[in-house]
Amino acid sequence: LSFDVDESVIRARRIIQMYEEDGVPRSRVLIKLAATWEGIMAAEILEKEGITCNLTLIFGMVQAV
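Residues numbered from 1 in each chain as written. Predicted model: local features only at pLDDT ≥ 70, side-chain atom pairs only at ≥ 80, totals over all residues. Heavy atoms only, no water.

1. Description of helix H2 (residues 37-48)
When the terminal C-alpha atoms of H2 are compared, their 17 Å separation across 12 residues agrees well with the 16 Å that a helix rising 1.5 Å per residue should span. Three or more residues of H2 are buried, namely Gly 39, Ala 42, Ala 43 and Leu 46. Buried residues of H2, seen end-on, are gathered within an arc of 105° and therefore sit on one face of the element. Structural note: H2 exposes Trp 37 and Lys 48 on the side pointing more than 90 degrees away from its buried face. Contacts made by the buried residues of H2 are with helix H1 (5-21), strand E1 (30-34) and strand E2 (52-56). Gly 50 occupies a position one or two residues after H2 and carries a positive phi of about 80°. (Helix = DSSP H or I, 4+ residues; strand = E, 2+ residues; numbered from the N terminus. Expected span 1.5 Å × (residues − 1). Buried < 20%, exposed > 50% of the residue type's maximum accessible area, 1.4 Å probe, protein only. Arc of directions from axis to C-beta. Contact = heavy atoms within 4.5 Å.)

Now the structure itself:
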């Protein structure tokens, strides 16, 4: 997922939906994404939808894949 904007957004929305179905508002959920260019783009999309994101630093290629 570190290099796939669309799949990151789809998965984050799915996670938010599952929490909301259990009565947990999206404001209480934090989606963690890799701080790759694609992760940053996904976070931008999600934040505009009111989904809070946290970008995780990547120190090497091994962590990114």
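2. Looking at H1
End to end, H1 covers 24 Å across 17 residues, agreeing with the expected 24 Å (1.5 Å per residue, within 8%). Taken residue by residue, H1 has Val 5, Ser 8, Val 9, Ala 12 and Ile 16 as its buried positions. Seen end-on, H1 carries its buried residues on one side only, within an arc spanning 95°. What points out from H1, more than 90 degrees from its buried face, is the exposed set Asp 6 and Glu 21. Looking at the buried positions of H1, the neighbouring elements they touch are E1 and H2.

3. Notes on a nonpolar patch on the surface
A grouping of Trp 37, Ile 40 and Leu 55 is seen on the molecular surface, where their side chains present a nonpolar patch of about 310 Å² in accessible area. Here Leu 55 is to be found in strand E2. (Patch = residues over 30% accessible without salt bridge, like charges linked within 9 Å, V, L, I, M, F, W, Y side chains within 5 Å. Areas by Shrake-Rupley, 256 points an atom, 1.4 Å probe, with all protein chains shown as cover. Salt bridge = Lys/Arg side-chain N within 4 Å of Asp/Glu carboxyl O.)

4. A closer look at the confidence of the model for the chain
Confidence in the prediction for the chain averages 92 pLDDT; 91% of positions are at 70 or higher. Looking at the elements of the chain, mean pLDDT is at its lowest for helix H3 (residues 61-64), recorded as 64, and at its highest for H1, recorded as 98. (pLDDT = per-residue confidence, 0-100.)

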